[in-house]
Amino acid sequence: MILYSPSQNGFYAPALHGNNIPVDAVEITAAEHRALLDAQSRGKLIQPDANGRPVAVEPPPLPEPTPAQLATQARAERDRLMREVYDPAVMQLLRKRRVLSSASEDVAGIDAQLTEWDAYADVLEVVPDQPGFPNSIEWPEAPSDSVVSGAEGGGVSCESESEPATSEV
């Protein structure tokens, strides 16, 4: 026998719970119990209906994020872009520059690329200062023509599939 208590929103089995079963508990079938747990595993909530019987319902929609939550998310995205896009690209360029410089080769092209990446980082840093932040953010595009190859560890493209363009955050 399986019982459901609307006041506790829980299931009880007399063999397990003995006399510790709420007085408002109603009996349900094993099939009802399985169906409710199956629905719950698919994201539904179990709650009492008007008669105190358990039913599976859609959860309420999540509340819209607050401006503070949006700002935190945007700053986290900015930090991720710095860590996962900017830092690796600049490190590859610096390694390439060191190799070329030690071979007395021209590093002007690498210096130009580093300047582009630094400008990208500068724009990322001031994302929170944009008008409309945090509801509307104009994300900068990483330098796309910068491809570093031939440095230690092989070449890497300095583009990222995960970099966002303009987005509503």
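Predicted model only: the values in this text are computed from it and were never measured.

A. Seen up close, the environment of Q69. Looking at where Q69 falls in the secondary structure, it is placed in helix 3 (residues 67–102). A relative accessible area of 42% means that Q69 is categorised as partly exposed. C-alpha separation for the pair Q69 and P134, spaced 65 residues apart in sequence, amounts to 8.9 Å.

B. How the structure looks around the nonpolar core. Ranked by size, the top nonpolar core spans 22 residues in total, and within it Y86, W117, Y120 and W139 carry the most contacts. In terms of residue count, helix 3 provides more of this core than any other element does, 10 residues in total. By size, the runner-up hydrophobic cluster in this structure holds five residues, among which are I2, Y4, I28 and I46.

C. Spotlight on helix 3. With 36 residues, helix 3 extends 50 Å between its outermost C-alpha atoms, agreeing within 8% with the 52 Å of an ideal straight helix rising 1.5 Å per residue. At Y86, helix 3 shows its strongest bend, of approximately 35 degrees, with the proline P88 following within four residues. Remark: S104 follows helix 3 within two positions and exhibits a positive phi of approximately 55 degrees.

D. Structural context of unusual backbone geometry. Look at the link from F133 to P134: it is a cis peptide, with omega at 10 degrees. By secondary structure assignment, the location of P134 is in the loop between helix 4 (108–125) and strand 6 (136–137). With a phi angle near 55 degrees, S104 is a residue other than glycine that sits in the positive phi range. Residue classification places S104 among the exposed positions, given a relative accessible area of 69%.

Criteria and cut-off values
- Residues numbered from 1 in each chain as written.
- Predicted model: local features only at pLDDT ≥ 70, side-chain atom pairs only at ≥ 80, totals over all residues.
- Heavy atoms only, no water.
- Helix = DSSP H or I, 4+ residues; strand = E, 2+ residues; numbered from the N terminus.
- Buried < 20%, exposed > 50% of the residue type's maximum accessible area, 1.4 Å probe, protein only.
- Core = buried A, V, L, I, M, F, W, Y, C linked by side-chain atoms within 4.5 Å.
- Expected span 1.5 Å × (residues − 1).
- Bend = angle between axes of the 7 residues up to and from the residue.

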